[in-house]
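Read off the chains here:
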Amino acid sequence: MNIRELIEEYFKMSRYVALGTLDGILAVMGVTLAASGVASAGGLEISNFAIGLTGLSGGIALAMSNAFGSFIGERAEEARTLRELEERMMLNEGDLDETIIHKQAKKRIYMSMFTHGFSSFIGSFVPVVPFLLIADKLTATMTTVAFCFAALIILGFYLGKVSRDSLLKTSMEIVLIGVLISAVSFIIGGSH
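A. Molecular detail of the overall build of the protein. Helix and strand counts for the protein stand at six helices and zero strands. Starting at the N terminus and ending at the C terminus, the protein contains elements arranged as α-α-α-α-α-α. Viewed in the frame of its principal axes, the protein has a C-alpha envelope of about 70 × 35 × 30 Å. Residue burial in the protein is summarised as follows: out of 192 residues, 39% are buried. Within the protein, counting contacts between residues at least 6 apart in sequence, those at least 24 apart form 71% of the total. For the protein, the accessible surface area stands at approximately 10,900 Å², while carbon and sulfur atoms represent 69% of it. Averaging the coordinates of the 15 positive side-chain charges in the protein and doing the same for the 18 negative ones gives two points 5 Å apart.

Below you can see the structure in the form of structure tokens.
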């Protein structure tokens, strides 16, 4: 598979692109904003770079978890589908192993793993970049919030286009989820 085919296959798995990107943005935004809030509320001298690395480490853990979770879940689903097909075809269990059907199933498993994990990893950069590049905590926090909500709006438009649903409605749903997570992160991290 060349790079062009990989990119095409990647975007065909819009479910995992959306899930992973949303996970990366929202989970890491929560971790980053909570870490920033705890540092500020506690009067701790923690650099923005350290806060950014905290968020990024959470993003890497999330990406790996999503990738391997996808692998395990998709592998079980594809194996069940293959076994059911063998039953309907009155074949012995395992007779379809190493056939074209089996190889296509393996490709779907690995693509879902890659797509979900990579999308989570890319999404996790949105909330941490301001903390890695901006020294002032308030400016980094406000920039992170702005970046995250801009990315959520773009993701909402992408999902609206994929689902052929209202772009505005889909974006608003995703933004409302972001508002909820931001509020929870603020309450936990910075409201003391």
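B. Just the packing of aromatic side chains, in detail. Evaluation of the coordinates by the stated rule reveals three aromatic pairs. On the numbers, 5.7 Å between centres and 35° between planes, the contact of Phe71 with Tyr110 is tilted. Here Phe71, found in helix H3 (residues 48-88), pairs with Tyr110, found in helix H4 (residues 100-133); they are 39 residues apart in sequence, far enough to count as distant. Take Phe71: its relative accessible area is 17%, and that puts it in the buried class. Centroid distance Phe121 to Phe125: 5.0 Å. Interplanar angle 90°. Geometry classified as edge-to-face. Placement of the pair is Phe121 and Phe125 together in helix H4, with a separation of four residues, close to one helical turn. For Phe121, a relative accessible area of 29% translates into the label partly exposed.

C. Local environment of the side chain of Asn48. By the element assignment, Asn48 lies in helix H3. Within the structure, Asn48 has its side chain in polar contact with the side chain of Lys137 (distance 3.0 Å). If we skip the residues at most four places from it in the chain, Asn48 touches Phe131, Ile134, Ala135, Asp136, Lys137 and Ala140.

D. Seen up close, the environment of Ala135. As for its position among the elements, Ala135 is in the loop between H4 and helix H5 (137-163). Taking relative accessible area as the criterion, Ala135 reaches 73% and is therefore assigned exposed. Note: C-alpha distance between Ala135 and Phe49 (86 residues apart in sequence) is 7.9 Å.

E. Seen up close, H4. With 34 residues, H4 extends 49 Å between its outermost C-alpha atoms, agreeing within 8% with the 50 Å of an ideal straight helix rising 1.5 Å per residue. The sharpest bend along H4 comes to roughly 45°, located at Pro127.

F. Region of interest: the packing of helix H2 (residues 14-41) against H3. The contact between H2 and H3 brings their axes to 9 Å, and the two run at 150°. By the angle class used here, H2 and H3 are roughly antiparallel. The element H2 and its partner H3 pack so that their crossing is right-handed. Contacts from Arg15, Tyr16, Asp23, Gly24, Ala27, Val28, Val31, Thr32, Ala35, Ser36 and Ala39 of H2 reach H3 at Ile51, Thr54, Gly55, Gly58, Gly59, Leu62, Asn66, Ser70 and Glu74. Its residues placed into classes, the contact of H2 with H3 shows eight nonpolar, nine polar and three charged.

Definitions and cut-offs
Residues numbered from 1 in each chain as written. Predicted model: local features only at pLDDT ≥ 70, side-chain atom pairs only at ≥ 80, totals over all residues. Heavy atoms only, no water. Helix = DSSP H or I, 4+ residues; strand = E, 2+ residues; numbered from the N terminus. Buried < 20%, exposed > 50% of the residue type's maximum accessible area, 1.4 Å probe, protein only. Contact = heavy atoms within 4.5 Å. Areas by Shrake-Rupley, 256 points an atom, 1.4 Å probe, with all protein chains shown as cover. Lys, Arg positive; Asp, Glu negative; His and termini not counted. Charge placed at Lys NZ, Arg CZ, Asp CG, Glu CD. Phe/Tyr/Trp six-rings, centres within 6.5 Å; stacked < 30°, edge-to-face > 60°. Polar contact = N/O pair within 3.5 Å; in protein donor to acceptor, adjacent residues only side chain to side chain. Expected span 1.5 Å × (residues − 1). Bend = angle between axes of the 7 residues up to and from the residue. Axes fitted to C-alpha atoms, helices over the stretch in contact; angles between N-to-C directions. Parallel < 35°, antiparallel > 145°, perpendicular 65-115°, else oblique. Left-handed = near helix turned anticlockwise from the far one by under 90°. Nonpolar A, V, L, I, M, F, W, Y, C, P; charged D, E, K, R; others polar.

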